[in-house]
Amino acid sequence: MKRLLSLLGQGLVGVLGPGMRPQAARNYRCRCGQPVFFRNSVCLACGAELGFDPEALTLRSRQPGPQPGPWQAADAAAENGPPLQRCANFGPAGCNWLLPPGETDAHDGLCRACRLNHTIPDLDENDNALLWSRIEVAKRRLVSQLLALGLPVQSKVSEDTERGVMFDFLRAEPGKPRVVTGHAHGLITLDVDEADDATRERLRSSLREPYRTLLGHLRHEIGHYYWDRLVAGSGWLQPFRARFGDERQDYEESLDRYYSEGPAADWPLRCVSAYASSHPWEDWAETWANYLHMVDTLDTALSFGLEGGDVEIQIEPYGADALDAPGDPGAPRFLGLVNAWLQITALMNELARSMGQPDLYPFRAQPPRGGQAALRAPRGERQRGAAALSRRAQEDGWSARSLATGTKAMGHSNISLVMPLQLNNRPGLCVSSSTPESRFRIRGLRRARQTTRSASQGCRFTPLAVS
């Protein structure tokens, strides 16, 4: 476990700096030399088929030829390698990932990302196919980053039934209880309605959240999974408690208190968001999610030749005194990542404003003075967000107790991001998760009906309702 966390740390602190290469490259070229992108399945310039190779973490173009089925990559690095084939979800979900033909039988033809699915919605009903495809786009982005960071990514369905991870993408039936987004025992559940732009924006606005995305939900919940996998019962547990707090405090009571009384008054000084202050597990998961946001965004910037030093925006940078371990050999590169993030997000937001769009990273950077450095939403927005959260709970007829046992669908409630990276006496990037015994329970799962459709045999196309 220590090796895995050390590897993760090396990847995160080493992604940015003069001459550094991205951990997960996002800039690809077709065999014809034209630029292509992570989600592409065909080159618009030459018509070549494209597919993402998760083993090499790169986009491959297919050798010319009339034969369907397994195909040979056209680039020199893979032309002598084994043949590849498309994921079985290429048609149903537009998945452009590849896998060796030898893995077909064991995983029903599903790629490294799609074989993580345990349940998906009935694709014959309503707009489920469209919404599911949007979720899969976000999940592939997540999984590609996890693989690049060297984290364990095994399917609980077909690879590691004890320690693996799997996903249920569920949609509540009319008149039935809502689906609750959360994590338990390696199972991540996501409400499919979150993929509907209008629904998600309505929730974001009603909860006064500056940021709410599918990718944000998935990164938060996978943080809970990795807490169970990497921290629980390991030598990292005591350091975790020193930074985030004691996770043994009652989870339901903590969330009950959060939703009835609001966040702790001092949360901006020690947590990544207001919701992170509700319990150490949520502190961990919120921090994990925002950390992945940082790293993937900076990876993308590096992939296209943009580094923090290239941005002509003056910031007051963090120094080594802001770190818990200023003498650590990785401290300079770690600070480089943080300070580059401040510069690049300032540029990102200005570009968004130029198009009349909301800020891509809607948090205000505070200079590192007097132990109060933070990236956070304005105070008035935070206060209105807490009130909106309570008001929405009452309108929906949810008691504080029911919220405490399952309102993870609300995601980054009243989020207010503080400066990441375990800053000493300053807001720290914090993360949190669950234990099998008490964290998050999906109670009363009830099968609505069984369908026979089999777009990818590795999934159960069984709509479920949560009660």
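Predicted, not measured: the structure shown is a model, and the values here were computed from it.

Asks: Help me get a handle on the sheet that holds strand β9 (residues 182-184), residues and values and all.
Replies: Strands sit in the order β7-β8-β10-β9 across an open sheet of 4 strands; the sheet is mixed. In the strand order of this sheet, the two ends are held by β7 (117-119) and β9, each with one partner. Here the strands of the sheet are splayed against their neighbours by 30° on average, with no regard to which way each runs.

Asks: Give me the lowdown on the side chain of Lys156, citing residues and values where you can.
Replies: With respect to the helices, strands and loops of the structure, Lys156 is situated in the loop between α4 (128-148) and β8 (166-170). Of the side chains with opposite charge, Glu162 comes closest to the buried, unpaired Lys156, at an N-O distance of 6.1 Å. At a separation of 3.4 Å, a polar atom in the side chain of Lys156 contacts the main-chain carbonyl oxygen of Glu162. A polar contact is formed between the side chain of Lys156 and the backbone oxygen of His185, at a distance of 3.4 Å. Dropping the residues within four chain positions of it, Lys156 is found in contact with Thr161, Glu162, Gly164, Val165, Met166, His185 and Gly186.

Asks: Explain the nonpolar core residue by residue, including any values.
Replies: Grouped together as the largest cluster of nonpolar side chains are 61 residues, with contacts concentrated most on Trp97, Leu142, Leu146, Phe167, Phe169, Ile222 and Tyr226. Counting only elements with at least two residues in this core, the list comes to β3 (50-53), α4, β8, β10 (187-191), α6 (214-231), α7 (237-244), α8 (251-261) and α10 (280-303). Element by element, the count of residues in this core is highest for α6, at 9 residues. Core analysis: the next-biggest nonpolar cluster, separate from the first, contains 19 residues, Leu298, Phe334, Val338 and Tyr361 among them.

Asks: How would you summarise unusual backbone geometry if you had to cite specific residues and measurements?
Replies: For Asp108, which is not glycine, the phi dihedral falls at a positive 55°. Along the chain, the position of Asp108 falls in the loop between α3 (104-107) and β7. Since its relative accessible area comes to 35%, Asp108 is described here as partly exposed. At His185, a residue that is not glycine, the phi angle is positive and equals roughly 55°. Of note, His185 is situated in the loop between β9 and β10. Taking relative accessible area as the criterion, His185 reaches 47% and is therefore assigned partly exposed.

Asks: Describe α8, listing the residues and the values that go with them.
Replies: Of the positions making up α8, those classed as buried are Tyr251, Glu252, Ser254, Leu255, Asp256, Tyr258 and Tyr259. Of the residues one or two after α8, Gly262 is the one with positive phi, at around 90°.

Asks: Could you give an account of the confidence of the model for the chain, naming the residues involved and the relevant values?
Replies: Looking at the chain, the pLDDT average stands at 75 and 70% of residues meet or exceed 70. Note that residues 369-467 has pLDDT below 50 and, in this model, 333 contacts with residues that lie over four places away or in other chains.

Asks: Summarise the packing of aromatic side chains; cite the residues concerned and give the values.
Replies: Tallied over the entire structure, the rule returns 17 aromatic pairs. On the numbers, 5.6 Å between centres and 70° between planes, the contact of Tyr258 with Tyr275 is edge-to-face. With Tyr258 in helix α8 and Tyr275 in the loop between α9 (267-270) and α10, the pair connects residues that are 17 residues apart, well separated along the chain. When the ring centre of Phe90 is taken as origin, the NZ or CZ atom of Arg86, which lies over that ring, is 4.3 Å away. The ring of Phe38 has Arg141 lying over it, and the distance from NZ or CZ to the ring centre is 5.7 Å.

Conventions and cut-offs
Residues numbered from 1 in each chain as written. Predicted model: local features only at pLDDT ≥ 70, side-chain atom pairs only at ≥ 80, totals over all residues. Heavy atoms only, no water. Pairing = 2+ DSSP bridges. Helix = DSSP H or I, 4+ residues; strand = E, 2+ residues; numbered from the N terminus. Axes fitted to C-alpha atoms, helices over the stretch in contact; angles between N-to-C directions. Buried < 20%, exposed > 50% of the residue type's maximum accessible area, 1.4 Å probe, protein only. Lys, Arg positive; Asp, Glu negative; His and termini not counted. Salt bridge = Lys/Arg side-chain N within 4 Å of Asp/Glu carboxyl O. Polar contact = N/O pair within 3.5 Å; in protein donor to acceptor, adjacent residues only side chain to side chain. Contact = heavy atoms within 4.5 Å. Core = buried A, V, L, I, M, F, W, Y, C linked by side-chain atoms within 4.5 Å. pLDDT = per-residue confidence, 0-100. Phe/Tyr/Trp six-rings, centres within 6.5 Å; stacked < 30°, edge-to-face > 60°. Lys NZ or Arg CZ within 6 Å of the ring centre and 35° of its normal.

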